[in-house]
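Single-letter residue listing:
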Amino acid sequence: MSLADLTLHRWRSFDQLTARRTAQEAADRVGGQVTLVETTEHLGAPLHRVRIERNGQEFALIPGGPVSLGFDLDNWQPTPEQVADYAESLEQCYGYGPDLRTHLAQVLSARRNVHLATVLMAVEDEKLTEPPADMPAGLSARGLRMPSSDEWEHACGAGADTLFRWGNDCPLDRIPYGDRTGPQNQLNAFGLHIAYDTYRTELTSDVTAVHGGDGGESVCGGYGHMLAWLPLATANRNPSMVEFVYGPDGEDMYENFSTRPVLTL
């Protein structure tokens, strides 16, 4: 089995020694060095985290295979507090539809099954140094590429089917910006610092979606707490931000956006 064909299901079955051996193989493949192999608890089972340093940049191992992405609205029920918070947003003329479920249907990717290769993905996103159309060439010169939208979503959620990478709830007594104690500050299951700041807007190779934030729009306009947290939702494609990023208003502001480079195995 090649590294690229390693599935998340099989990765979960590895013992610590096999995980370390696989991490070393991945590091050797890209000319990097293993800096961390640890085992955490995720979705009720052990999950290994691997970190590999290459040319001064740290990458996490993201096992792929057949995975489910998107958010299943049909099997989700908002809490009364979420419903009430969204109702307050509606009173301020914010939101896409008469209820939270309708709003989410407009901004989240649909539930789907895909097959992804195992990759190494940067632990931290990095700011764009060129317009989005020119970034692939710049990254390629470093042996890197932009992730696909599916790869980003899988790397963020790590197999979780919840609204956010940490669960279905978010603190409704505050907005995420400036919050030092909220769940967005923790590394995700794969060890990525991802979906952590609504002011960050991460671009992928898919020009129909941006991820991880909306440039801070939702936390500075009185949107309400639920809507302020939603840009961090794993399956949120931030459609209004897409129009800005790839439209005439955003073309000279590319340095405010970021991407999360990928090393192909």
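Up top is the structure.
Attention in this report is confined to the structure presented alongside it. Model, not experiment: these values are computed from the prediction.

**Section: the overall build of the protein chain**
Check the secondary structure of the protein chain and you find eight helices and 11 strands. In terms of overall dimensions, the protein chain is globule-like: its C-alpha atoms have a radius of gyration of 18 Å, near the 18 Å expected for 265 residues. Across its three principal directions, the C-alpha atoms of the protein chain cover 55 × 45 × 35 Å. Relative to its full complement of 265 residues, the protein chain shows a buried share of 51%. A sequence separation of at least 24 residues applies to 72% of the contacts in the protein chain between residues at least 6 apart. For the protein chain, the accessible surface area stands at approximately 11,900 Å², while carbon and sulfur atoms represent 49% of it. Treating the 20 positive side-chain charges of the protein chain as one cloud and the 37 negative ones as another, the clouds have centres 9 Å apart.

**Quick word on helix α3 (residues 80-91)**
Taking 1.5 Å per residue, 12 residues should reach 16 Å; α3 reaches 17 Å between its end C-alpha atoms and fits that length. If you follow the buried residues of α3, they end up packed against α4 (100-107) and α7 (225-229). Immediately beyond the C-terminal end of α3, within one or two residues, lies Cys-93, with a positive phi of roughly 70 degrees.

**Notes on α4**
Taken together, the buried positions of α4 are occupied by Leu-100, His-103, Leu-104 and Val-107. Buried residues in α4, looked at end-on, bunch into an arc of 95 degrees, giving them a common side. Summarising the contacts, the buried residues of α4 are in contact with α3, α7 and α8 (239-245). Its side-chain oxygen 3.3 Å from the backbone nitrogen of Arg-101, Asp-99 forms the N-cap of α4.

**Considerations on the nonpolar core**
The biggest cluster of nonpolar side chains holds 47 residues, and the ones touching the most others in it are Trp-11, Ile-62, Leu-120 and Leu-192. At five residues, helix α2 (residues 16-30) tops the list of elements feeding residues into this core. Counting 19 residues, the second largest nonpolar core, distinct from the first, contains Leu-104, Phe-164, Leu-230 and Ala-233.

**A closer look at the packing of aromatic side chains**
According to the stated counting rule, one finds seven aromatic pairs in the structure shown. Arranged with centres 5.7 Å apart and planes meeting at 70 degrees, the rings of Trp-11 and Phe-14 form a pair that is edge-to-face. Judged by centre distance (4.7 Å) and plane angle (55 degrees), the rings of Tyr-177 and Tyr-199 are tilted. Taken together, the residues Tyr-177 in the loop between α6 (149-157) and β8 (202-203) and Tyr-199 in the loop between α6 and β8 connect sequence positions 22 residues apart. What makes Tyr-199 partly exposed here is its relative accessible area of 34%.

**Thoughts on the pattern of salt bridges**
Evaluation of the coordinates by the stated rule reveals 14 salt bridges. Between Glu-58 and Arg-51 there is a salt bridge, with its nearest N and O atoms 3.3 Å apart. Residue classification places Glu-58 among the partly exposed positions, given a relative accessible area of 31%. Arg-51 gets classed as buried once you look at its relative accessible area, which sits at 18%. One salt bridge in this structure joins Asp-206 and Arg-237, with 3.4 Å as the shortest N-O distance. Of this pair, Asp-206 sits in the loop between β8 and β9 (210-211) while Arg-237 sits in the loop between α7 and α8; the two residues are 31 residues apart in sequence, bridging distant segments of the chain.

**Thoughts on the environment of Val-34**
Looking at the element boundaries, Val-34 is found in strand β1 (residues 33-42). Residues Val-34 and Gly-215, 181 residues apart in the sequence, show an inter-C-alpha distance of 34 Å. Ignoring sequence-local partners within four residues, the contact set of Val-34 consists of Ala-23, Gln-24, Ala-27, Arg-51 and Ile-52.

**Concerning the side chain of Gln-82**
In this structure, Gln-82 sits in helix α3. Using a relative accessible area of 2% as the deciding quantity, one classes Gln-82 as buried. When sequence neighbours within four positions are dropped, the list of residues in contact with Gln-82 reads Trp-76, Leu-100, Asn-168, Asp-169, Leu-172 and Met-226.

What counts as what
- Each chain has its residues counted from 1, following the order in which its sequence is written.
- Thresholds applied to this predicted model are a pLDDT of at least 70 for local features of residues and 80 or more for the giving and counting of side-chain atom pairs; totals over whole chains, interfaces and linings are not thresholded and use all residues.
- Side-chain numbers come from the whole structure's heavy atoms, not from hydrogens or water.
- Where helices and strands are cited, they refer to DSSP runs of H or I of at least four residues and of E of at least two residues respectively, numbered from the N terminus.
- When we talk radius of gyration, it's over C-alpha atoms, and the globule rule is simply 2.2 Å times the number of residues to the 0.38.
- Any residue under 20% of the maximum accessible area for its type is buried, any over 50% is exposed, and the rest in between are partly exposed; the area is computed with a 1.4 Å probe on protein chains only.
- Any two residues having at least one pair of non-hydrogen atoms within 4.5 Å are treated as being in contact.
- A 1.4 Å probe and the Shrake-Rupley method give the accessible areas. Residues count as covered only by the protein chains that appear here.
- Note on charges: Lys and Arg go in the positive column, Asp and Glu in the negative column, and His and the chain ends are not counted at all.
- To locate a charge, take NZ of a lysine, CZ of an arginine, CG of an aspartate or CD of a glutamate.
- Here a helix's expected span is defined as the number of its residues, less one, multiplied by 1.5 Å.
- Starting at the helix axis, one direction is taken to each C-beta atom, and the arc is that of these directions.
- Between N or O atoms, a polar contact is any pair within 3.5 Å; within protein, one atom must be a potential hydrogen donor and the other a potential acceptor, and residues adjacent in sequence are included only when both atoms are from side chains.
- In these notes, a set of buried Ala, Val, Leu, Ile, Met, Phe, Trp, Tyr and Cys residues joined through side-chain atoms within 4.5 Å is what counts as a nonpolar core.
- A pair of Phe, Tyr and Trp rings is counted when the ring centres sit within 6.5 Å of each other, with Trp represented by its six-membered ring. The angle between the planes then sorts it: under 30 degrees is stacked, over 60 is edge-to-face, the rest tilted.
- Salt bridges are defined as contacts in which a side-chain nitrogen from Lys or Arg sits within 4 Å of a carboxyl oxygen from Asp or Glu.

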